[in-house]
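Structural characterization, general
Below are the chains, spelled out letter by letter.
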Amino acid sequence: MNIDRYHLESELLKSLSHPTRLAVLEILRDGEQCVCHMEAMLGQRQAYISQQLMVLKEAGLVESRRDGLNLYYRVIKPEIYQVLDSIPSVTGVLPKTIEHKHSKKACPCPKCNAVESIPKK
């Protein structure tokens, strides 16, 4: 058996082997998010989240785009959710939902601070 053929799979699993990276992927399940939104969701520093996002980016799972001062990330391989969704059946642990650690006011992103337009009379 040639063990080298498992290298790619091993590298992908390594990229998933961190709780914050799993949490980031769960946040991105709802679509594109900015880093500051992930900060508010996870209660972690921007630099730490950016490090974890870089690992996911190098694994080819996410990509980024800049819009002004905000950097947005999105999943580019949604098939990864099939893998993530199968983990609870192996571990026997029910999936968890991520809640904001801080109020939406703590997150400066446009998603959290969208001003609803008021119809003019």
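None of the values given here were measured: they were computed from a predicted structure.

How each quantity is defined
Residues numbered from 1 in each chain as written. Predicted model: local features only at pLDDT ≥ 70, side-chain atom pairs only at ≥ 80, totals over all residues. Heavy atoms only, no water. Phe/Tyr/Trp six-rings, centres within 6.5 Å; stacked < 30°, edge-to-face > 60°. Lys NZ or Arg CZ within 6 Å of the ring centre and 35° of its normal. Helix = DSSP H or I, 4+ residues; strand = E, 2+ residues; numbered from the N terminus. Contact = heavy atoms within 4.5 Å. pLDDT = per-residue confidence, 0-100.

Here we take up the packing of aromatic side chains. One pass over the structure, following the stated rule, counts zero aromatic pairs. The positively charged end of Arg-65 is found above the aromatic ring belonging to Tyr-72, 4.7 Å away from the centroid.

The next thing to look at is the environment of Cys-109. Considering the arrangement of structural elements, one finds Cys-109 in the segment after helix 5 (80-91). Between the C-alpha atoms of Cys-109 and Met-38, which are 71 residues apart in sequence, the distance is 9.7 Å. Beyond its immediate stretch of four places on either side in the chain, Cys-109 contacts Cys-34, Cys-36 and His-37.

Here we take up the confidence of the model for the protein chain. Chain-level statistics for the protein chain give a pLDDT mean of 86 and a share of 80% at 70 or above. Confidence, expressed as mean pLDDT per element, reaches its minimum in the protein chain at helix 3 (residues 35-42) with 91 and its maximum at helix 4 (residues 46-58) with 97.

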